Amino acid sequence: MLPDHAELPDLADLLADAHVVALPMRVRFRGITSREALVLRGPAGWTEFSPFVEYGDAEAAAWLRAAIDFGWQHHEPAADSVPVNATVPAIAPDAVAGLLARYPGCTTAKVKVAEPGTTIDDDVARVAEVRRIMGADARVRVDANGLWSIDQAAVALERLAPFDLQYAEQPCRTVPELAALRARVSGLGVPIAADESVRKASDPLAVARAGAADVLVVKAQPLGGIIAARAIVAEAGLPCVVSSALDTSVGLGMGAFLAASAMSPGYAAGLGTAAMFESDVSDTPLLPVDGRVPVRRVEVSPELLARNAASPERTAWWRARLERAHAALAS
């Protein structure tokens, strides 16, 4: 359902100025080399609907609610800019320096670990290289996307703890596993952050109630938009980091508005991911400058929309998906 103050726009209004793009990525991330998204224009400006392709219609409906919240509601920026982290995919150590150069001024890095086909030795080498390049004062996080068992996570975090981790994001898949792991590794000094357990859960507050995490990683789109996500953060009562769902710069703008109003001091948002794309939808993408991104709405470029347009088949797939999500919200 939509917030009480919001009405569901007609499907025709949503599709009137809707464009499906496939943005090429510099490196493989989450197993993909191209990110598909649907951007559309509402009365308040451009907005985005881009649930991951494997998500069902019920989950996709929350992402559409977020698109409507941002495109059909006015949101006042709570700051001019927000700090962001560099994102380091599961790459070889000798590629780390070149990747970090795309994030000028960033003093926090999130390093992907537990990638299928890699080992803990690979993860340790990657994190060690990030720490070496960024220095002792930088903040380094790791993100396992829920791919470790409790035992695997305990072993991995014991090896990674000497690199002074700010936190380990979603080391295990379920909330009970996170709670058990958090108790087991309490002596390592590695806080546990929950991402998928908040983003994909029917009850995002279950993590806080179970004592399963020290930090919540929240994303504007899957939580239903800025207003809904802000309410969840307030009720959870845990430190919050706002992150990207691999959005285009339009969606990153939505995240920046949320981060400026909801994120805990001392943390960098995961909203620098426009640096992962070879091309975007805007001539002024939300790229990190001096370790920060501005809090602003993004205008799209008709030329870039055309250049990065998805195939007719994929465009039809996305428009049908939006129609199904609209029907779910209407019901």
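Structure first, text after, so check above.
The rules behind the values
- Residues numbered from 1 in each chain as written.
- Predicted model: local features only at pLDDT ≥ 70, side-chain atom pairs only at ≥ 80, totals over all residues.
- Heavy atoms only, no water.
- Buried < 20%, exposed > 50% of the residue type's maximum accessible area, 1.4 Å probe, protein only.
- Helix = DSSP H or I, 4+ residues; strand = E, 2+ residues; numbered from the N terminus.
- Pairing = 2+ DSSP bridges.
- Right-handed = clockwise from strand over helix to strand, strands pointing away.
- Axes fitted to C-alpha atoms, helices over the stretch in contact; angles between N-to-C directions.
- Left-handed = near helix turned anticlockwise from the far one by under 90°.
- Contact = heavy atoms within 4.5 Å.
- Nonpolar A, V, L, I, M, F, W, Y, C, P; charged D, E, K, R; others polar.
- Phe/Tyr/Trp six-rings, centres within 6.5 Å; stacked < 30°, edge-to-face > 60°.
- Lys NZ or Arg CZ within 6 Å of the ring centre and 35° of its normal.
- Core = buried A, V, L, I, M, F, W, Y, C linked by side-chain atoms within 4.5 Å.
- Expected span 1.5 Å × (residues − 1).

1. Structural notes on the pairing of strand β8 (residues 165–169)
Of all five residues that make up β8, five are buried, and the element is covered over most of its length. Examined bridge by bridge, strand β7 (residues 139–143) and β8 share four bridges and lie parallel to one another. Opposite Asp 143, over in β8, you have Glu 169 as the bridge partner. As a crossover connection, the stretch from β7 through helix α5 (residues 150–160) into β8 is right-handed.

2. Some remarks on the packing of α5 against helix α6 (residues 175–184)
Where α5 meets α6, the closest approach of the two axes is 10 Å, and the angle between their N-to-C directions is 35 degrees. Once α5 is placed against α6, the crossing between them reads as right-handed. Touching Ile 150, Asp 151, Ala 153, Ala 154 and Leu 157 of α5 are Glu 177, Ala 180, Leu 181 and Arg 184, all from α6. Residue classes in the contact of α5 with α6 are distributed as six nonpolar, no polar and three charged.

3. Quick look at unusual backbone geometry
Located in the positive-phi region is Asp 164, a residue other than glycine, with phi close to 55 degrees. For Asp 164, the location among the structural elements is in the loop between α5 and β8. Although it is not a glycine, Asp 290 adopts a positive phi angle of roughly 55 degrees. Relative to the helices and strands, Asp 290 resides in the loop between α10 (249–262) and β12 (292–294). A residue is classified by how much of its surface remains accessible, and Asp 290, at 64% relative accessible area, is exposed.

4. Things to note about the packing of aromatic side chains
Using the criterion set out here, one finds seven aromatic pairs in the structure. Ring centres of Tyr 167 and Tyr 267 lie 6.4 Å apart, and the angle between their planes is 40 degrees; this geometry places the pair in the tilted category. Remark: Tyr 267 occurs in the loop between α10 and β12 and Tyr 167 occurs in strand β8; sequence separation between them is 100 residues. Across the pair, exposure class does not vary: Tyr 167 and Tyr 267 are buried alike. Grouping aromatic residues by their ring pairs yields a cluster made of Phe 49, Trp 317 and Trp 318. Geometry around Phe 70 places Arg 297 over its ring, the cationic atom sitting 4.0 Å from the centre.

5. A few points about the nonpolar core
In this structure, Phe 49 and Leu 271 are the most contacted members of the largest nonpolar core, which totals 113 residues. In contact with Leu 271, other than residues within four places in its own chain, are Val 82, Val 84, Val 242, Ser 243, Ser 244, Leu 252, Gly 255, Ala 256, Ala 259, Leu 286 and Val 293.

6. Considering helix α4 (residues 120–134)
Taking 1.5 Å per residue as the helical rise, α4 with its 15 residues ought to reach 21 Å, and the 21 Å between its terminal C-alpha atoms agrees with that figure. Within the sequence span of α4, burial applies to Asp 123, Val 124, Arg 126, Val 127, Glu 129, Val 130 and Arg 131. On its buried face, α4 sits against β5 (86–88), α3 (96–100), β6 (108–112), β7, α5 and β8. Immediately beyond the C-terminal end of α4, within one or two residues, lies Gly 135, with a positive phi of roughly 95 degrees.

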